[in-house]
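Topology and contacts: notes
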Amino acid sequence: MKTKSDPDTLDTQLEYGHRLLVDWASSITRGMRYPSEATRELLEEATAGDSFADLRTAESTALMLDFLPGSGEESWHRFREALGRLQEIISKIPPSLPARRIGELGRIFELDDGDIRILEVLLFSMFPGPAEAFLGFLLDGLVRGGSRTRHCSRRLNADNRYLHRLLGMSRMELRKRLDPKSCLGRKGLVEVDEDLDIEVPDTLRRLYLDMDEQADVRSLLLGQGALTTDLEWSDFAHLGQDQEDLAAVLQGAMAGERLSGVNVLLYGPPGMGKTSLARVAARHAGIRLLDVGETDGQGGDPSARERLRELRLAQNLLEGDNRSALLLDEMDDVLDGGQMSFPWLFGPQRLTGKNGSSRVWLHRLLENTPVPTIWIANDASTIDRAVLRRMTYALELRLPPTRVRASIWSRQLARHGVEAGEAEARSLAEGFEASPGVADGAIRAGRLGGGDIDLVRRSVDRLSRLMGCGRPGIQGEVDFDPALIHADLDPVELAKRLASGNERRFSMCLQGPPGTGKSAYVRYLADQLGMEVLFRRASDLMNMFVGGTEQRIARAFEMARDAGAFLVFDEADSLLGERRNTRYSWEVSQVNEMLTWMESHPLPFACTTNFGSSLDMATARRFLFKITLDFLDRDQSRLAFHRWFGREAPLTLDRVNELTPGDFEVVRRKARVMGQMDDGEELVELLRAEVLARPGHRRAPAGFLSHGGTSQ
């Protein structure tokens, strides 16, 4: 018959945490002939507290703890002997699931018993239980001076005077095991900050919280892999050679002898498909891509430092795995610590610790990563150059050209069950400079609304306004009609000659009054060349910060070059004004930037302006073609009247001069609103009013005298 003191008798109320706290208490007392008064009081309070409550009431251990460490040496000796007998009894308690997982982690990283004991203390201190309660007594408030003040934090401090005793090692050995160059430090399992607080990756909590007995330790810490995407490799064909280069880099990183320090940066504005490209490229290369730093160990929002700790841990867990890569999204957030950056005021922000620590840690993380890592950023200008130069390959994602956006619209509409033809997809692509991300959100709205294409259009219109990517039409813009172009050369003949040749490096300046068809002709010319138009107004390029306009000008030329598009700048006089009349240095620098790009740009480029005489003199030799468009002559005005209003023009139209195709377009819209489409004379008067309202035109006297008549 078994007795209470029989070591084979174990109570169901006892758990592995009780075994740990007895081991820790025994380690503290071991080698101490007699404790200090502070140590004795702490042990007395700890063993009398909640952490030892189950041990005092359990049948198998109650007799071992019927007394507390007294004030005499004999009492202390009896207490140590009791702990020894208690330790022998509860050593029968098998390791819990978290303890077994820590052991498995130790085997993965080849940790010794001392390192495993450190991880046990750190992990069990995070969760309620007898072990955590005991640590609360002994560790929370015990710092250098030994003063017993309670802290709110449960972080363990490397300088705690009892921690090394609890672990059964010297203070020097503990310091070595927590050193950044130690096994725990190099593997990313432990980090000691400048206050000597010991930190571990928050993902280690999963070892304790996940109750699946069959879960693999690596899988628990790495997660389930990157999310899937509906996009395909062909959706990024517009990247051309860049797409192939990205695939070659990823495939090469997996083949043969694996190189360390392979980092790929994908950057560009939000919604351009950077993350989707990373996932599609990995799938295309046959690589398992794993997201890191998405959530903390409890599914919450991780800090920037925590995301980097998780990245380092994941890199070490995957060392030697030739089919896996890592993805860290929102790199900007990691590098500025989650704070708002203002690179246009202060320059790129730098990663620092609490007290401005060195960036060397991050540099070594990049240089020594054993696993290829894809970094995603929205704005590379906020990233320190020392970080950028450690990238193996970098690719900027910009807004795809219209034909590619139309293809994406068409595929996405079909995937979401929204009925739409090619013409509707093309219309959406031409009407909105929306990124694939914005398009996807708008299509989901249409799907929720029962597959309504009109709801998709309204949704993308709202989102485009929100994102600033709408593309409103030009006021007074009309379709190109060569019969209504009054120019100093034959525009149709010029278009034929340019289209029949192989030379695509040319520039032109189209000047003339508003509404004469400058923009319409450029679009016609681009169509004859089989090119898309990248249209930018001066307002799209102007920036309030010094150097900002120059950057936007350069970006427009780069986008046109990469997309193979015909670049057009409207209102170019705002960008190419006469430098001799400038007041500020930035006005000169933006003209210089424009002229430099004009000389080196390999594709067609055009500027339109209403004020050709105000352009800088140096622009004359930069423009290969200089075309002046003028007002319609009398015959063209009569032809335009018939085209827009479907009727012969009254004779009174001959007395209205300085008309443009744009005037007829505006008057037709106005006449429809006012119900005057059937009266030819009223239409002529509306055209006359448009001419008189034009800025710079000599107007008739105001007031009652004006009723005497209007002369042209």
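Everything below is about the structure printed above this text.
So, here's what we can say about the structure. Bear in mind the structure is a predicted one, so any value in this text is a computation, not a measurement.

What counts and what doesn't
- Residues numbered from 1 in each chain as written.
- Predicted model: local features only at pLDDT ≥ 70, side-chain atom pairs only at ≥ 80, totals over all residues.
- Heavy atoms only, no water.
- Helix = DSSP H or I, 4+ residues; strand = E, 2+ residues; numbered from the N terminus.
- Buried < 20%, exposed > 50% of the residue type's maximum accessible area, 1.4 Å probe, protein only.
- Pairing = 2+ DSSP bridges.
- Contact = heavy atoms within 4.5 Å.
- Salt bridge = Lys/Arg side-chain N within 4 Å of Asp/Glu carboxyl O.
- Disulfide = S-S within 2.5 Å.
- Polar contact = N/O pair within 3.5 Å; in protein donor to acceptor, adjacent residues only side chain to side chain.

1. What about unusual backbone geometry?
Phi at Glu-110 takes a positive value of approximately 55°, unusual for a residue other than glycine. Inspection of the secondary structure assignment puts Glu-110 in the loop between α5 (97-109) and α6 (113-124). Accessibility expressed as a relative area gives 70% for Glu-110, which makes it exposed. Positive phi values are uncommon outside glycine, yet Leu-196 reaches one of about 70°. Relative to the helices and strands, Leu-196 resides in the loop between β2 (191-192) and β3 (197-199).

2. Side note on the pairing of strand β6 (residues 324-328)
Within β6, five of the five residues are buried, which leaves the element mostly enclosed by the surrounding structure. The alternating pattern of β6 places Ser-324, Leu-326 and Leu-328 on one face and Ala-325 and Leu-327 on the opposite face, and all of these are buried. Where strand β5 (residues 288-291) and β6 come together, four bridges link them in parallel fashion. Of the residues in β6, the one forming a bridge with Leu-290 is Leu-326. Of the strand pairs in this sheet, β6 and strand β7 (residues 373-377) are connected by three bridges, and their pairing is parallel. Paired with Leu-327 across the two strands is Ile-374, which belongs to β7.

3. A few points about the side chain of Glu-690
Mapped onto the elements, Glu-690 comes out in helix α32 (residues 680-693). If sequence neighbours within four positions are ignored, Glu-690 has contacts with Asp-663, Val-666, Val-667 and Lys-670.

4. Considerations on the pattern of salt bridges
For the structure shown, the criterion picks out 34 salt bridges. The partner of Asp-562 in a salt bridge is Arg-398, and the shortest N-O contact between them spans 2.1 Å. In this pair, Asp-562 sits in helix α27 (residues 548-563) while Arg-398 sits in the loop between β8 (393-396) and α20 (402-415), placing the two residues 164 residues apart along the sequence. A relative accessible area of 45% means that Asp-562 is categorised as partly exposed. For Glu-665, the salt bridge goes to Arg-668, with nearest N and O atoms at 3.1 Å. Of this pair, Glu-665 and Arg-668 both sit in helix α31 (residues 661-674), three residues apart, which is roughly one turn of that helix. For Glu-665, a relative accessible area of 14% gives the class buried. Each member of the salt-bridge network shares a partner with another, and the members are Glu-191, Glu-199, Arg-305, Glu-306, Arg-309 and Arg-312.

5. Things to note about the state of the cysteines
Inspection of every chain in the model, using the stated rule, returns zero disulfides. Of the cysteine sulfurs around Cys-607, a residue in no disulfide, the closest is that of Cys-509, at 6.2 Å. Under the relative-accessibility criterion, Cys-607 is labelled buried at 1%.

6. Side note on the side chain of Thr-369
On the secondary structure map, Thr-369 appears in the loop between α18 (360-368) and β7. A polar contact of 2.7 Å, which involves the side chain of Thr-369, links it to the backbone oxygen of Val-371. Filtering out sequence-adjacent residues up to four positions away, Thr-369 remains in contact with Ser-260, Gly-261, Val-262, Asn-263 and Gln-315.

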